[in-house]
Amino acid sequence: MSEPTTTPGEGFHPHLHDTAHRPATSLRTRLHHIRADALDGDTAQSGGMRRFAAVSGKNVGSEKLWMGQTHVAPATASSDHHHGESETAIYVVSGHPEFVFLDDSGSEPEEVRLRTSPGDYIFVPPFVPHREENPDPDDEAVVVIARSTQEAIVVNLPGLYALPADEG
């Protein structure tokens, strides 16, 4: 494993912005290496957190997948939101973020709080309103997110509530 790391435009990775010296190549015919310092912050956002795209239709030409990181500052909660038609998988990298949603399967809606640790996973079904919280007063929480759509769909909401069945 002593192979050197790649740089944009080298070997198998197409340089997305320099087409003057190479023929136009489909983004879907090559592997893409997205460096940690090259994540794209120009993506859908919710208050209290910051999302960074790594794999997206815009960045690498993906058609069915979005993947990136979310950082939640210490002692912060995101806005209530959902991700439209996207299924979302979350992997906790650092911190102890909490994921809050409204369970309306009983006679009365009940707020549920999922407390996580590094290495844990969360699955968020389409159209389920939720929020992320980081109760730690000192350290940010970082998670990796994968979505079943090529861009990050974020619908910010005025509160945490169950959507009517015909919307989800």
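Attention in this report is confined to the structure presented alongside it. Computed from a prediction, not measured in an experiment: that's the story for all the values here.

About the criteria used
Residues numbered from 1 in each chain as written. Predicted model: local features only at pLDDT ≥ 70, side-chain atom pairs only at ≥ 80, totals over all residues. Heavy atoms only, no water. Helix = DSSP H or I, 4+ residues; strand = E, 2+ residues; numbered from the N terminus. Buried < 20%, exposed > 50% of the residue type's maximum accessible area, 1.4 Å probe, protein only. Contact = heavy atoms within 4.5 Å. Areas by Shrake-Rupley, 256 points an atom, 1.4 Å probe, with all protein chains shown as cover. Polar contact = N/O pair within 3.5 Å; in protein donor to acceptor, adjacent residues only side chain to side chain. Phe/Tyr/Trp six-rings, centres within 6.5 Å; stacked < 30°, edge-to-face > 60°. Lys NZ or Arg CZ within 6 Å of the ring centre and 35° of its normal. Salt bridge = Lys/Arg side-chain N within 4 Å of Asp/Glu carboxyl O. Pairing = 2+ DSSP bridges. Axes fitted to C-alpha atoms, helices over the stretch in contact; angles between N-to-C directions.

**Some details on the overall build of the chain**
- When its secondary structure is counted, the chain shows 1 helix and 11 strands.
- Here the chain, with 168 residues, has 35% of them falling under the buried criterion.
- Taking the intrachain contacts of the chain between residues at least 6 apart in sequence as the baseline, contacts between residues at least 24 apart amount to 69%.
- Carbon and sulfur atoms make up 54% of the accessible area of the chain, which amounts to about 9700 Å² in all.

**Quick word on the side chain of Thr116**
- In this structure, Thr116 sits in the loop between β7 (110–115) and β8 (121–124).
- Polar side-chain contacts of Thr116 include one of 2.6 Å to the backbone oxygen of Pro97.
- Not counting residues up to four positions away in its chain, the partners in contact with Thr116 are Val92, Gly95, His96, Pro97, Phe99 and Ile122.

**Description of the environment of Tyr161**
- Within the secondary structure, Tyr161 sits in the segment after β11 (155–156).
- Note: C-alpha distance between Tyr161 and Leu102 (59 residues apart in sequence) is 6.1 Å.

**Describing the packing of aromatic side chains**
- Across all of its chains, the model carries 1 aromatic pair by this definition.
- Aromatic pair Tyr91 and Tyr121: ring centres 4.9 Å apart, planes at 55°, arrangement tilted. Of this pair, Tyr91 sits in strand β5 (residues 88–94) while Tyr121 sits in strand β8; the two residues are 30 residues apart in sequence, bridging distant segments of the chain.
- Exposure remark for Tyr91: the relative accessible area of 31% places this residue in the partly exposed category.
- When the ring centre of Phe52 is taken as origin, the NZ or CZ atom of Arg50, which lies over that ring, is 5.5 Å away.
- Arg147 extends its terminal NZ or CZ atom over the ring of Trp66, reaching a point 5.1 Å from the ring centre.

**Here we look at unusual backbone geometry**
- Not every positive phi belongs to a glycine, and Ala75 is a case in point at roughly 50°.
- For Ala75, a relative accessible area of 59% translates into the label exposed.
- In the Ramachandran plot, Phe127 falls in the positive-phi region, its phi being about 65° despite a non-glycine side chain.
- Relative to the helices and strands, Phe127 resides in the loop between β8 and β9 (130–134).

**Digging into the pattern of salt bridges**
- Inspection of every chain in the model, using the stated rule, returns 7 salt bridges.
- Arg113 is paired through a salt bridge with Glu111; the nearest N and O atoms lie 3.6 Å apart.
- Judged by relative accessible area, which is 28%, Arg113 ranks as partly exposed.
- According to the relative accessible area criterion, Glu111 is partly exposed, its value standing at 44%.
- Across the pair Arg131 and Glu111 runs a salt bridge whose closest N-O atoms are separated by 3.5 Å.

**Digging into the sheet that holds strand β10 (residues 141–147)**
- Read across the sheet, 5 strands follow the order β1-β2-β10-β5-β8 without closing on themselves; strand pairing throughout is antiparallel. Edge strands, defined here as strands with exactly one partner in the open sheet, are β1 (49–55) and β8. Averaged over all adjacent pairs, the angle separating strand axes in this sheet is 25°, with direction ignored.

That is the geometry; function is a separate question.
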